[in-house]
Amino acid sequence: MLYLGSHVSFDKKEQLIRSTKEALAYGANTFMFYTGAPQNTNRSKIEDGLTLEALKLMKEGNVAFDKVGVHAPYIINLANADNLDFGIRFLTEELERCEELGIRYLVLHPGSHVGRGVEEGIATIIRGLNAVFLNNHGNVKILLETMAGKGTEIGRTFEELRQIMDGVEEKNRLGICIDTCHMNDAGYNVHDFDSLLKEFDQVIGIEKIGCIHINDSKNDIGAHKDRHENLGYGTIGFDSLIKIIYHPLLEDIPKILETPFINREFAPYKKEIEMIRSKKMEDNWRETFAEE
Ligand code: FE
Ligand code: FE
Ligand code: ZN
């Protein structure tokens, strides 16, 4: 079955109800959200009453809650030793929030080594993840995201991610979120997705993939930029994305859109989800979008 959705909001007042309503408005059957603003640490207490009501809405709307995930905020950088204590504390709290909400997985950017070098960065990430799993013995998984390699980002190669996984004790609590834009920008040929998957399987193991971020890219392969583009408007293109989304080996993996708003105002997700479901790209869909 195709589990398809986008990033949606989660707010203080309605929490998951807000996220669910937004996902349903897009025609999604799963979604991803931040538990608060990604650039700060203000988080509200989880209200179980709101969660229960949201679960009812999801059931009525055929949203697969077990495929819904949280994205950890950017302010966590486990690769920076100066900030590690904060990162460990905040990530532990994020896992607790996920547990309270009944969320099964949390997507995390591995981190940036800020000039200290890849090896030291990876060692610091491993220390951080081991500490987090010592603090929290729940069953929420952390999915490390494949990164574009912008600046000093770690996780631009499958080998780097494998190295992190090798150092973490609680291996069954770790997985991977692949991002199509990031892999393209990191230098992987997403147009030949069968070969890419084969390489991923050899280095990490295909069974570790827990989520896929679906984005077109504004930049050429290997650009190390990380700028997402709407479906069909980038260098990856609609057809290659459709092949990835409908790949038989990734059938049950949730696919989440993180494409940019149009004119910074209109969410493109309803349209993009429609086109993915029909496997047909409408010509110039973005140009006519605002008028609809
Ligand atoms: Fe991400
Ligand atoms: Fe992503
Ligand atoms: Zn990105």
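Structure shown above.
These numbers come from a predicted model, not from an experiment.

Reading the values: rules and limits
- Residues numbered from 1 in each chain as written.
- Chains lettered and ligands numbered in written order.
- Predicted model: local features only at pLDDT ≥ 70, side-chain atom pairs only at ≥ 80, totals over all residues.
- Heavy atoms only, no water.
- Donors = N, O, S within 2.8 Å, 3.2 Å for Na, K, Ca; no water.
- Helix = DSSP H or I, 4+ residues; strand = E, 2+ residues; numbered from the N terminus.
- Buried < 20%, exposed > 50% of the residue type's maximum accessible area, 1.4 Å probe, protein only.
- 1 Å grid on protein atoms, 1.4 Å probe; cavity = no way out; pocket = protein on both sides within 12 Å on 5 of 7 lines; lining within 4 Å.
- Points joined across faces, edges and corners; volume = space filled by probe spheres on them.
- Nonpolar A, V, L, I, M, F, W, Y, C, P; charged D, E, K, R; others polar.
- Contact = heavy atoms within 4.5 Å.
- Pairing = 2+ DSSP bridges.
- Axes fitted to C-alpha atoms, helices over the stretch in contact; angles between N-to-C directions.
- Core = buried A, V, L, I, M, F, W, Y, C linked by side-chain atoms within 4.5 Å.
- Parallel < 35°, antiparallel > 145°, perpendicular 65-115°, else oblique.
- Left-handed = near helix turned anticlockwise from the far one by under 90°.

### A short note on the coordination of the zinc ion (ligand 3)
Now for step 1: Those donors, His182 (NE2), Asp226 (OD) and His228 (NE2), are the protein atoms that reach the zinc ion (ligand 3), and they lie 1.9 to 2.3 Å from it.
Now for step 2: Sequence positions of the donors to the zinc ion (ligand 3) reduce to the motif H-x43-D-x1-H.
Now for step 3: Between the zinc ion (ligand 3) and the iron ion (ligand 1), a separation of 5.3 Å is found. Remark: His228 occurs in strand 11 (residues 228-229) and His182 occurs in helix 6 (residues 180-186); sequence separation between them is 46 residues. Neither residue differs from the other here; His182 and His228 are each classed as buried.

### Some words on the coordination of the iron ion (ligand 1)
Now for step 1: Within the protein, the iron ion (ligand 1) binds to His71 (NE2), His109 (NE2) and Glu145 (OE); these donor distances fall in the range 2.1 to 2.3 Å.
Now for step 2: All donor residues of the iron ion (ligand 1) come from one chain, and their arrangement in sequence is H-x37-H-x35-E.

### Details of the layout of surface pockets
Now for step 1: Of the voids in this model, the largest pocket is the one considered here, and its volume is about 480 Å³.
Now for step 2: Along the wall of the largest pocket there are 22 residues; nearest its centre are His228, Glu258, Thr259, Pro260 and Phe261.
Now for step 3: By residue class, the composition of the lining of the largest pocket is six nonpolar, eight polar and eight charged.
Now for step 4: In this structure, the second largest pocket encloses a volume near 260 Å³.
Now for step 5: Lining the second largest pocket are 15 residues, and of these Tyr105, Lys141, Leu143, Ile209 and Gly210 sit closest to its centre.
Now for step 6: Sorting the residues of the lining of the second largest pocket by element identifies strand 6 (141-145), strand 8 (174-179) and strand 9 (209-214) as the ones contributing at least two each.
Now for step 7: Residues of the lining of the second largest pocket, tallied by class, amount to six nonpolar, two polar and seven charged.

### Some thoughts on unusual backbone geometry
Peptide bonds are trans in most cases, and residues, glycine excluded, mostly fall at negative phi.
Now for step 1: Positive phi, close to 55°, is recorded for Asn62, a residue that is not glycine.
Now for step 2: Counting through the fold element by element, Asn62 comes out in the loop between helix 2 (48-60) and strand 3 (69-71).
Now for step 3: Within the chain, Asn284 stands out as a residue other than glycine whose phi angle is a positive 55°.
Now for step 4: Tracing the sequence through the fold places Asn284 in the loop between helix 9 (269-278) and helix 10 (285-289).

### Digging into the side chain of Thr20
Now for step 1: Along the chain, Thr20 turns up in helix 1 (residues 16-25).
Now for step 2: With sequence-adjacent residues up to four places away left out, Thr20 is seen in contact with Phe31, Ala54, Leu57 and Met58.

### Quick word on the sheet that holds strand 8
Now for step 1: A barrel is described by the order of its strands in space; here eight strands give the closed sequence 1-2-3-4-6-8-9-12, paired in parallel fashion.
Now for step 2: Judged from the three bridges that link them, strand 9 and strand 12 (residues 255-257) form a sheet pairing that is parallel. Residue Ile214 lies in a different strand from strand 12, and its bridge partner there is Leu257.
Now for step 3: Here helix 4 (residues 118-135) sits on the sheet in contact with strand 4 (105-108), strand 6 and strand 8, set at roughly 165° to strand 6.
Now for step 4: Lying on the sheet, helix 9 is in contact with strand 1 (4-8) and strand 12; it crosses strand 1 at an angle near 165°.

### Some remarks on helix 9
Now for step 1: Among all positions in helix 9, only Tyr269, Lys271, Glu272, Ile273, Met275 and Ile276 are buried.
Now for step 2: Residues of helix 9 that are buried in the fold lie against strand 1, helix 8 (238-245), strand 12 and helix 10.
Now for step 3: Directly beyond the C-terminal end of helix 9, a positive phi value near 55° is found at Lys279.

### Section: the nonpolar core
Now for step 1: Within the largest apolar cluster, 82 residues are counted, with the highest numbers of intra-cluster contacts made by Phe33, Leu91, Leu129, Ile142 and Leu144.
Now for step 2: Ranked by the residues each element gives to this core, the list is headed by helix 3 (residues 84-101), at seven residues.
Now for step 3: Counting seven residues, the second largest nonpolar core, distinct from the first, contains Val107, Leu143, Cys211 and Ile256.

### Details of the packing of helix 1 against helix 2
Now for step 1: Remark: helix 1 packs on helix 2, axes separated minimally by 8 Å, with the N-to-C direction vectors making an angle of 20°. Relative to helix 2, the element helix 1 lies roughly parallel. With respect to the hand of their crossing, helix 1 and helix 2 are arranged in left-handed fashion. Residues Leu16, Ile17, Thr20, Lys21 and Leu24 of helix 1 pack against Leu50, Thr51, Glu53, Ala54, Leu57 and Met58 of helix 2.

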